[in-house]
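The chain contents come next:
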Amino acid sequence: MDTIQKSRRERISIEKKKALKQRNKKLTVATTIGALSALLLTNGAARACSAEYTVKKHDTLYSLAKKYEVTVDQIKEKNLLTSDKIYTGQTLLVPHLEKHDVNQYSVQRGDTLYSLAKRYNTSIAYIKQLNKLNSDQIKLGQTLLIPVEQNKSNVGELYTVVPGDTLWGVAHRFGVKQEVLAKSNNLKMDMLLIGQNIFIPGKAEVTEAEIIGASDKFTVEFKENGKTFTLKVPYGTSSYYQDNSGRIVTVIHKNGAVISTN
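Parameters at a glance
- Residues numbered from 1 in each chain as written.
- Predicted model: local features only at pLDDT ≥ 70, side-chain atom pairs only at ≥ 80, totals over all residues.
- Heavy atoms only, no water.
- Core = buried A, V, L, I, M, F, W, Y, C linked by side-chain atoms within 4.5 Å.
- Buried < 20%, exposed > 50% of the residue type's maximum accessible area, 1.4 Å probe, protein only.
- Helix = DSSP H or I, 4+ residues; strand = E, 2+ residues; numbered from the N terminus.
- Pairing = 2+ DSSP bridges.
- Salt bridge = Lys/Arg side-chain N within 4 Å of Asp/Glu carboxyl O.

> It is not clear to me how the nonpolar core should be interpreted in this structure. Could you clarify?
One recurring pattern in soluble globular proteins: nonpolar side chains tend to sit buried together. The biggest cluster of nonpolar side chains holds 18 residues, and the ones touching the most others in it are Phe174, Leu181 and Ile200. At the level of elements, α7 (167-173), α8 (178-184), β6 (197-201) and β11 (257-261) are the ones that each hand at least two residues to this core. Ranked by residue count, the leading element in this core is α7, at three residues. By size, the runner-up hydrophobic cluster in this structure holds 12 residues, among which are Val55, Tyr68, Val70 and Ile75.

Written out as structure tokens, the structure reads:
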């Protein structure tokens, strides 16, 4: 009799577990459908501004966020993820990258991905993705695809350090606070290296002009549309402009000082 009752209790227990499992399965399906409906209703732009991505081996939310220049939380929110775990073969919604026109750029001495990203108001990750780079290393003369800004002068420009330059001197010449210049270039010390490219933040002017010649060791005279104007140059560089008198150049300048000429 005890054996029969025990068997009956076991059967009842098994049936209850089956019923509970079936009920949980239905709830899970309903919850998923509801969540997907909510996603489409409350975030209708998700598929319009996102693309489906199939997770590959070794992918993580962090690597995907870095690749697509979004945050881990944004990916989790779009996919209703409650943890950071993803698995190979899983389909995720990830944002489209913003489309940019691109130009070819030949790497100059002192260029880094950081300085180029700063100059063109983009990110290191985007430059690396455009050029399929696996590291942050770039080489002199290497050709890179770089995103174009519509008004480059609003972004900032690169200045090449010459003998005698100091961080304070460069900042003072271009009307930028020393601490801002240091922060913009991720500098931990005030020492600059000859040939180093320094990002000069803020709006710069771009003028096509003729080089007239050096006024003195610190200033050079230019002519644009028949009118002359002078700009400051680093000490010791005025002889270059004197030697190139009569040449038509594109002058990038800020605060009355030359950043570069092309």
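> Can you help me understand the pairing of strand β7 (residues 205-214) in this one?
Side-chain direction in a regular strand flips from residue to residue, so the side chains alternate between the two faces of the sheet. Pairing between β7 and strand β10 (residues 248-254): six bridges, direction antiparallel. Paired with Ala209 across the bridge in β10 is Val249. Note: β7 against strand β8 (residues 219-224), four bridges, orientation antiparallel. Residue pairing in the sheet places Ala214 in a bridge with Val220 of β8. Linking β7 to β8, which pair antiparallel, is a turn of four residues.

> Quick question: what am I supposed to make of the pattern of salt bridges here?
Once the charged atoms of two side chains with opposite charge are near each other, the side chains can pair. Evaluated as defined, the whole model comprises three salt bridges. In this structure, Asp84 engages Lys76 in a salt bridge whose closest nitrogen and oxygen atoms are separated by 2.9 Å. For Lys76, a relative accessible area of 18% corresponds to the buried category. The partner of Arg173 in a salt bridge is Asp165, with the nearest N and O atoms 2.8 Å apart. In this structure Asp165 comes out as buried when scored by relative accessible area, which is 12%.

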